[in-house]
Amino acid sequence: RKTNKSFPVPTTPCTATGWGQRAGKEQELLKWNGWGYNDSKFIFNKKGQAEFTGKRYRLGGMVLPTFKEWIEKTFGASLEHKTTSRASLNVNDVPPSIVNEEFLQDLRATKISYSQDAEDRVFRAHGHCLHEIFVLREGMFKRIPDIVVWPVCHEDVVKIVELACKHNLCIIPFGGGTSVSSALECPEEEKRTIVSLDTSQMNRILWIDEKNLTACVEAGIVGQDLEKQLAESGFCTGHEPDSMEFSSLGGWVATRASGMKKNIYGNIEDLVIHIKMVTPRGIVEKNCQVPRMSTGPDIHHFIMGSEGTLGVVTEVTIKIRPVPEYQKYGSVVFPNFERGVACLREVAKQRCAPASIRLVDNAQFQFGHALKPQVASIFTSFLDGLKKFYITKFKGFDPNILCVATLLFEGDREKVLQHEKQVYDIATKFGGLAAGEDNGQRGYMLTFVIAYLRDLGLDYYVIGESFETSVPWDRVLDLCRNVKERIVRECKEKGVQFAPLSTCRVTQTYDAGACVYFYFAFNYRGISDPIHVYEQIERAAREEILANGGSLSHHHGVGKLRKRWMKESISDVGLGMLRSVKEYVDPNNIFGNKNLL
Amino acid sequence: MAPPMARCPRLPPPNRTRQPGRGGAGPWAPREAAAGSRAARRGRAGERGAGRRSGARRTMATEAAAAPGRARRGAPMYSQKELTSKKRDEFEDILEERRLSSDLRYAMKCYTPVIYKGLSPCKPNAIKSAVLQSEQVQYVIKQLAKEMGESPDIIQEEATEILDEMGHRMQLGAVRFFAFTLSKIFKQLFQRVCVNEEGMQRLQHAIQEHPVVLLPSHRSYVDFLMLSYLLYTYDLALPVIAAGIDFLGMKIVGELLRRAGAFFMRRSFGGNRLYWAVFAEYVKTMLRSGYAPIEFFLEGTRSRTAKTLTPKFGLLSIVMEPFFKREVFDTYLVPISISYERILEESLYAYELLGVPKPKESTSGLLKARRILSDNFGTIHIYVGQPVSLRTLASGRINRCPYNLVPRHLPQKPSEDIQEFVSDVAYKMELLQIENMVLSPWVLVAAVLLQNLPAMEFELLIEKTLWLKGLTQTFGGFIEWPDNLCAKKAVLSGLTLHSNIASLVDGHVVLNDKGMEDGAVGEMVFRHALAVLMCATYRNQLLNVFVRPALVAIALQMAPSFRKEEVYSCFNFLRDVFSDEFIFFPGISLKDFEEGCFLLTKCDAIQTSQQEIYPTDKGSGTVSFLSAMFRPFVEGYQLIFRYLSKEMKEAFTEKQFIPGVRNFVFQLLEKGSTQCYEALSSDMQKNALSALVQLGAVKKKKMPSGFTYNVNQEAVSKILDMFDDSADAIPEHNEFLFPEYEILIEPEEPEFPADSTDDEQGAEDTSKGAKEQEELGAAGTADEAFQSLDEETLEAMAKHETEEEKIFQMFKKQVAAEPEQIIRYCRGGEEGPLWVSGENRPEEKDIPNCVCGAKRIFEFQIMPQLLNHLQVDSLGESIDWGTLVVYTCADSCGGGSEYLEEFIWKQDYSMGCTL
């Protein structure tokens, strides 16, 4: 790798690198044009069977015998029609790095490592929206960062921000790069030098306070590392967004992230005790680390969800919990989606939701089924058949209507078992039928794997994306039905030749409502501008969500993708309030990623 | 690999098994035999029957299902009609098959209608209890309980009763019973019942996809029986129908209707919150669950005039609400046009419009109606329009906030933009109904005939009818005129079918207003009015097709110049005035105007330049035909406005207004001072009143007892003036403004030496009485007149030596010198007036003194010739006098500008009387 040379080299547009020890380590393990690890992906093996490679996931190395058929049936896709991505980045396509020499001199003086390398810059020019991946595979971004810097601590960030103010540069903070709101895209019209501030080197746990159960952590730490390191001391944060393998603590704060197990641990706003952020105005933080204070509007709430428009979060004090003694998965089959939602609502009402409870609709149930690996023994297969027979024949469930809830319980063994019983009792009242631990566990495992599927789809003319919303309980069913229907209609109208996959799951429960997650994918053969069509459909789906009383976003954030609806979402005055904060904190728009406002 | 399209939901539904009873030629036969092409079908229009049996006709299923989304997307709510390229489906006669096979077997056929894909099947009673338990109804019950201090149980009980009164109990048995009896009855009554099958196919798809609301036009009770019958025939889910509660008066029939799917609503329940909540929830529950298509009439009631009534919004906004709240993905609105060649209730309607009350629906009334079973009512055309997606209509129009921020079960007054949207949709649907109304040749005949009363030569009628056919088609009217049918036959068959209205007598077509010769004047007016109104019912079917160009034509005549702005401003005025009479899409006056101009240009009636619109020589016939067509409305409205501005000084209710204006018009008709019989129609009277309310010239106030109205005299006069400005444009036909004349003032012929005449003085004094300037025939003396009598006259006088005769002869003689005289002026002249008769001349004591105490002296007299000039001289019908003698104060008191009371003496030819 070129990034870590020990000596400064005269700047040339493509190959210049700076000081530094371990900058960009992550990037070597990750795909440059798709999701996740290089070694993990879906492929069709020589027999034409689907297979998941690598050893990182439980599904790794397993053959998925029914998956191919499912793809063909669902998307009308054929393995004979394949698209191919460019094998690697064509450096000549990449926009040149334009950096002022005076700034570079100042930067070098700080000894913060940096890079003007094309690959480094492209890697930080995007998140994981479909159109971004599509561009990586088939084209090139019009504007990317001119330089990447790797601060290793809070002080480094302060220096960088100061330099940026001095030289009037644009900083775009970069954490895990898992944004799905176009938040990392560089504004095309930005004329100043764009500095990508990569926080990945600020990844230490600074201290753990066992008395108060808090930990102070540098914001660049990635979710799985944080949990791993805390686990060494017997703790966890319990914050597990689906992207936790790659997303960073700072990113969570900046987007108001939500974790799968929020029912026990809370969302990021419940977890955070203290935030330190570097802004062009200076450093913003509180004077103490207390559970709650009444000192006017909570300044944390200006920071959380600011999406990199105000500054860089450098250190966060976060609540920690002892690692739970016992974990148990579970699943329940419901005769239909309506009953399932009613059950979730009742669980929420009784405030007995397990760490996680999710309800997938029939299409997603079928999809999960298609991802079942080849069974090891005849016995398991027999058991599966027996279960299926029991559910469909004996209990009269229609396999094309039924839906499944997956559950995750955590805590003391005894309490978990008690809790489990309570939840299953409720489920029974709504016609639910316990469907075993294995199904539940597989459901959660799929959450991580499902993200890899898009790359497979892209190879076969299938494009897709997920999006989410939150909605009051009484509108959940209507919203799910209408949004799915809207997607199908829009596809039809836009000339999509094959009916799309349009499916949803209720993925979080609250007292007053739920979070709903949609997956949507279609076969784009025969469409000349699939991305445009895709974006139109996605926009229509969002319109539909809003018309059904859903929110603009539950946890993905606004970025640049959903900006157009901000005014409608928070009113003119609300938007003005946010603007005035931005104007005060960053009058010269140093943090010029143009998100949110 | 599976064929990619196989699972795509937009494909036609899987083939449904054919019904055995249908003998292979059932209406869906063509659908399954998907061969041939649409073009082939068109080409084979002539040999329909054959084509049908061969089954070689292509289905439009795919297209139809795909169309709702795609075709209309982004289309504005109102789009200028494509008037000529408009292609409409073809009709099939559903009675044809009923005449060939057993009705019983048909009634007992296996009936498995297609249903909404998201339907969770349930029984009518389950719906009722769902309604009662719904949050919406429970909320209102709790609210009312709190407000009234009653226990919720009592109110719940009340709600149950309401629901029982209103709810339907659809049962297949009743449906079969109806299928059987209606087959019998319809076959008896009607020659053909024609349906556009493509429309039925579209409907079939729509029903499966989304909740469907059927919006038929309403001309007859037959409407909803027929529609249910039709859906049964085509194996579609039977609709639940919002029927007026008065049907429940018909004991057995009401119950039967209920079992066939009718539910009943009270005519008015504005104030009753519980009723509203229960009713709205009942309708919405059925809609949301996709239980059955909901059917109701936008017009609210049967149109007595066959002219589309302005829409009612209540039910429409109820059925739209589930979509606004996103409880359903979409809702299809299906406009259905049901056109009758002859309306079952035609004479009932005419009586009703004239104020003879409508008989309350009763079973015995229906049985009596059996008499009409022996009559022939021609053909019914049912055109099922393209289902309109509410979602498409609403796209971009609805602000979602109000629905997101309040729990959906709370009753919420619709916001202004929602109300506006509902109204727009209602008008759009009615315009779609109008577009596909089938016009029979008789409609054209009626329109021509009404302009040529009392009698019209048969040949001329045919010629004019043919001409009108062309014009109607240019304007986009949907005429069902078989290709090979010659005009004469068409007119004749119309006359045969409507022999109760008009008949052919000696080569002339006349209205059947029998009893014209005998009977009192009033009776004659009534009979004639009846005939005119019945005939007008048919002409009216053309009006909404013609209204835009016709109003442009009238505006052209009204406007002071041909400048576009002025013509448009007249058009706009007319459009406003007639906003309740005809159907205009709200707020697009200019578009309507442009459409009118476009159509007139198309038929060469007008030419337009940048600034001007002017009629062509060639088009004068068209323009005058059009304005004559709408003249009854122009004149009728003026009569009604005049009545309001003159007679209604105080607040009044509609119950007072209708008989009042009816009497007013009736009297004018009796006198012969108007020929506008249609102004007797209560429909027109109500519309005119409501137009004034909308124009702000009449104030409508809600009182505990109902609405009262207050006339703003000035404003009404102003509106009348707008019409009057155009009076000279249509002079010979203006039936309530007297013709204008110039009056010449001359002294009487020299052989009668003039006495004192003071022209100026006279002009001043008399100008107060009449609008016209007076003619002064200078009075001669009676003696002088006497002297001048020639021998001959004297002889005659000798023969008839009565005083009476003598005086009349003298009168005649005197007048003969200047036969056109209308006023004789001779203030204070000793000779006094020229009497018509010896009888009933006033004595001195008969003339009261002036208020000031001075004596009143003769000033001038008005001669009976005036009646002639004013054309109010029909004997026995008009006002009449021999002479009117005016006496005024000898002292000429009261020199100011105020009016003074004078004394008038009326002497008749035979018997005089004082006024």
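Placed above this text is the structure.
Residues numbered from 1 in each chain as written. Chains lettered and ligands numbered in written order. Predicted model: local features only at pLDDT ≥ 70, side-chain atom pairs only at ≥ 80, totals over all residues. Heavy atoms only, no water.

*Asks:* Residues and numbers for the overall build of chain A, please.
*Replies:* Looking only at helices and strands, one finds 19 helices and 21 strands in chain A. A compact globule built from 597 residues should have a C-alpha radius of gyration of about 25 Å, and chain A, at 24 Å, falls within 12% of that. Counting only C-alpha atoms, chain A reaches 75 × 60 × 50 Å along its principal axes. A burial count over chain A gives 59% of its 597 residues as buried. (Helix = DSSP H or I, 4+ residues; strand = E, 2+ residues; numbered from the N terminus. Rg over C-alpha atoms; globule rule 2.2 N^0.38 Å. Buried < 20%, exposed > 50% of the residue type's maximum accessible area, 1.4 Å probe, protein only.)

*Asks:* Mind laying out the environment of A:His239, listing which residues take part and the relevant values?
*Replies:* Residues and elements named next belong to chain A. Its location among the elements puts His239 in the loop between strand E10 (235-236) and helix H8 (249-255). With 181 residues separating them along the chain, His239 and Arg58 place their C-alpha atoms 21 Å apart. What His239 contacts, discounting residues up to four positions off in sequence, is Glu227, Met244, Trp252, Ala257, Ser258, Gly259, Gly266, Ile268 and Leu271. (Contact = heavy atoms within 4.5 Å.)

*Asks:* Break down the environment of A:Leu552 for me, citing the residues and quoting the values.
*Replies:* Relative to the helices and strands, A:Leu552 is located in the loop between helix H18 (530-547) and helix H19 (566-585). For A:Leu552, a relative accessible area of 7% corresponds to the buried category.

*Asks:* Any details on the interface of chain B and chain A? Residues and values, ideally.
*Replies:* The interface of chain B with chain A comprises 24 residues on the first partner and 29 residues on the second. Across the interface of chain B and chain A, roughly 2400 Å² is buried in total on both sides, 43% from carbon and sulfur atoms. A per-residue breakdown of the area chain B buries against chain A is headed by B:Arg326, B:Phe329 and B:Arg400, which together make up 29% of the total. Here chain B and chain A share 5 salt bridges between them. With a closest N to O distance of 2.9 Å, B:Arg408 and A:Asp478 form a salt bridge. The tally of links from chain B across to chain A stands at 13 residue pairs in polar contact (both at pLDDT 80 or more). Looking at the side of chain B that touches chain A, the elements with two or more residues in it are helix H4 (61-72) and helix H19 (401-404) of chain B. Here the side of chain B that touches chain A is composed, by residue class, of 10 nonpolar, 3 polar and 11 charged. (Buried area = accessible area lost by both parts, 1.4 Å probe. Salt bridge = Lys/Arg side-chain N within 4 Å of Asp/Glu carboxyl O. Polar contact = N/O pair within 3.5 Å; in protein donor to acceptor, adjacent residues only side chain to side chain. Nonpolar A, V, L, I, M, F, W, Y, C, P; charged D, E, K, R; others polar.)

*Asks:* So, the packing of helix H22 (residues 458-474) of chain B against helix H23 (residues 487-497) of chain B: which residues are in play, and what are the values?
*Replies:* Residues and elements named next belong to chain B. In the contact formed by H22 and H23, the axes pass within 10 Å of each other and the chain directions differ by 105°. The pairing of H22 with H23 is recorded here as roughly perpendicular in orientation. Contacts between H22 and H23 involve Phe458, Leu461, Ile462, Thr465 and Leu466 on the former and, on the latter, Ala487, Lys488, Val491, Leu492 and Leu495. Its residues assigned to classes, the contact of H22 with H23 shows 8 nonpolar, 1 polar and 1 charged. (Axes fitted to C-alpha atoms, helices over the stretch in contact; angles between N-to-C directions. Parallel < 35°, antiparallel > 145°, perpendicular 65-115°, else oblique.)

*Asks:* Describe the sheet that holds strand E15 (residues 326-334) of chain A, listing the residues and the values that go with them.
*Replies:* All names here are of chain A. Strand order in the open sheet made by the 7 strands is E18-E15-E17-E16-E20-E21-E19, with antiparallel pairing throughout. The sheet is open, and its two borders are formed by strand E18 (433-434) and strand E19 (462-472), each paired with just one other strand. For E15 and E18, the ladder comprises 2 bridges, and the chain directions are antiparallel. Residue pairing across strands places Val332 opposite Ala434, the latter belonging to E18. The sheet strands contacting helix H12 (residues 337-349) are E15, strand E16 (356-360), strand E17 (403-411) and strand E20 (501-509), and the helix crosses E16 at an angle near 165°. Helix H15 (residues 413-429) rests against E15, E17 and E18 of the sheet, and its axis sits at about 10° to E15. (Pairing = 2+ DSSP bridges.)

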